[in-house]
Structure formats: C-alpha cells, structure tokens
Amino acid sequence: MDKVTFGNVVGFVLAFLFAVVIGISMWALLTGDYVNSIMNEQTRHTLRIVGFAGALAALATWWVQSFAAQRGFVVRLLFALFIFVVAFCSFGGLLRFVYIHATYPNQQDWSLTGMYLASLNDFYTFLLDMFLPPRPAYAALSLAAAIFIAWFGPREAKTADI
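What comes next is a walk through the structure. Treat the numbers as computed from the prediction; the structure is a model and nothing was measured.

Rules used throughout
Residues numbered from 1 in each chain as written. Predicted model: local features only at pLDDT ≥ 70, side-chain atom pairs only at ≥ 80, totals over all residues. Heavy atoms only, no water. Phe/Tyr/Trp six-rings, centres within 6.5 Å; stacked < 30°, edge-to-face > 60°. Helix = DSSP H or I, 4+ residues; strand = E, 2+ residues; numbered from the N terminus. Buried < 20%, exposed > 50% of the residue type's maximum accessible area, 1.4 Å probe, protein only. Salt bridge = Lys/Arg side-chain N within 4 Å of Asp/Glu carboxyl O. Patch = residues over 30% accessible without salt bridge, like charges linked within 9 Å, V, L, I, M, F, W, Y side chains within 5 Å. Areas by Shrake-Rupley, 256 points an atom, 1.4 Å probe, with all protein chains shown as cover. Axes fitted to C-alpha atoms, helices over the stretch in contact; angles between N-to-C directions. Parallel < 35°, antiparallel > 145°, perpendicular 65-115°, else oblique. Left-handed = near helix turned anticlockwise from the far one by under 90°. Nonpolar A, V, L, I, M, F, W, Y, C, P; charged D, E, K, R; others polar.

Focus on the packing of aromatic side chains
Right, so step 1: Summed over all chains, the structure comprises 8 aromatic pairs.
Right, so step 2: Ring centres of Phe18 and Trp62 lie 6.1 Å apart, and the angle between their planes is 45°; on these two criteria the pair is classed as tilted. Of this pair, Phe18 sits in helix H1 (residues 6-33) while Trp62 is found in helix H2 (residues 41-64), placing the two residues 44 residues apart along the sequence. Here Phe18 matches Trp62 in class, with each residue buried.
Right, so step 3: With centroids separated by 6.3 Å and ring planes inclined at 25°, the aromatic side chains of Phe88 and Tyr138 adopt a geometry described as stacked. With Phe88 in helix H3 (residues 73-103) and Tyr138 in helix H5 (residues 136-152), this pair connects stretches of sequence that are 50 residues apart. Judged on exposure class, the residue Phe88 and its partner Tyr138 are both buried.
Right, so step 4: Each member of the aromatic cluster is reached from another via a ring pair, and the members are Phe84, Phe88, Phe126 and Tyr138.

Okay, here's the thing in structure tokens:
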C-alpha cells in the first residue's frame, strides 16, 4: 500500500478533473454534431453514454499509464493514445449494453448466447455511431488526452540495469 503523499493527492485530483473534462468534451462534441438533426433511437442511446465512456476511459488510461511511467515521452504518448482509444470504445460498448438491458429488460434475451450477441451488437453500434461519419474532433481530443496523460500522468525516474 502506497503512502498518501502530496504528489498522490495532486495526481488523484488531476486524474479526476481530467476525466470530468474529457467526459464533458466528448459528450459536447457528439451533441454538437446532432444539434439540428433528427436522431434515431440508437444514436440517442449513444449520446447518453458517450460522456461516461470518455470519463471512464480517461481514468483507466491514467491508472494504466503507470506501466509506461519509466519510458520516454513518445512511448508514454503512444501508450496513452492506444489505451485511451481502446478503453473508450470498450467502455462505450459496455455502457450501451448495460443501458439497453436496464432500459428494456423484457425485450432482451438473457441467455449467455443472447447476451454475448447483444454485447457485440452494442459494441459495433457504438463504434458506428462514433466514427461514421468520420469525426476528426474525436481524433484530436484523443490525441490531446494522450498528450496530457504523457505530460502530467504518472512518471518515474529511469533506473539503470546492472
């Protein structure tokens, strides 16, 4: 168990604020795309969960960044970018699956095969809603999140191998 130090407290506060900003930014980007258009039901579901998926992805990326803490800036940046994108897509699909099953429990197949197929469907639906049409703002926001994590995230001094 780590000791509670000033650096740990500041890191926790930074991670929390970072997650809030990323979540609000991701939600605002998708809301801005659909402000003056008619949305179908699956896009409404995606719009409701995209901010939460972004915030959870930001927290997960911050936490996992400790594995690359001893590496250089470029490696930390690429690691954070990869983890953030994978976590965002995964959390988005998972949250969409949970939302649909909680909202419409009588319309769902609760067998293991049915839940597996529904989770795949929700994952692919989330990806399609997020990336078609291409939204360069999400790519820029993901890159900005990776830069922030690489710059301010967990770092450790490099150790020499003897």
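Topic: the pattern of salt bridges
Right, so step 1: Overall, the coordinates contain 1 salt bridge when judged by the stated rule.
Right, so step 2: Linking Asp122 and Arg96 is a salt bridge whose minimum nitrogen-to-oxygen distance equals 2.8 Å. On the criterion of sequence distance, the pair formed by Asp122 in helix H4 (residues 112-131) and Arg96 in helix H3 is long-range, its members being 26 residues apart.
Right, so step 3: Judged by relative accessible area, Asp122 falls into the buried class, the value being 4%.

Observations concerning a nonpolar patch on the surface
Right, so step 1: Residues Val9, Phe12, Val13, Phe16, Leu17, Val20 and Ile24 make up a contiguous nonpolar surface patch of about 660 Å² in total accessible area.
Right, so step 2: Its place among the elements puts Leu17 in helix H1.
Right, so step 3: You can call Leu17 partly exposed: its relative accessible area is 46%.

Overview of the packing of H2 against H3
Right, so step 1: Interaxial distance between H2 and H3 falls to 7 Å at its minimum, and their mutual angle equals 140°. Between H2 and H3, the interaxial angle falls into the category oblique. At the point where H2 passes H3, the crossing takes the right-handed sense.
Right, so step 2: The residue inventory of the contact of H2 with H3, partitioned by class, reads 19 nonpolar, 6 polar and 2 charged.

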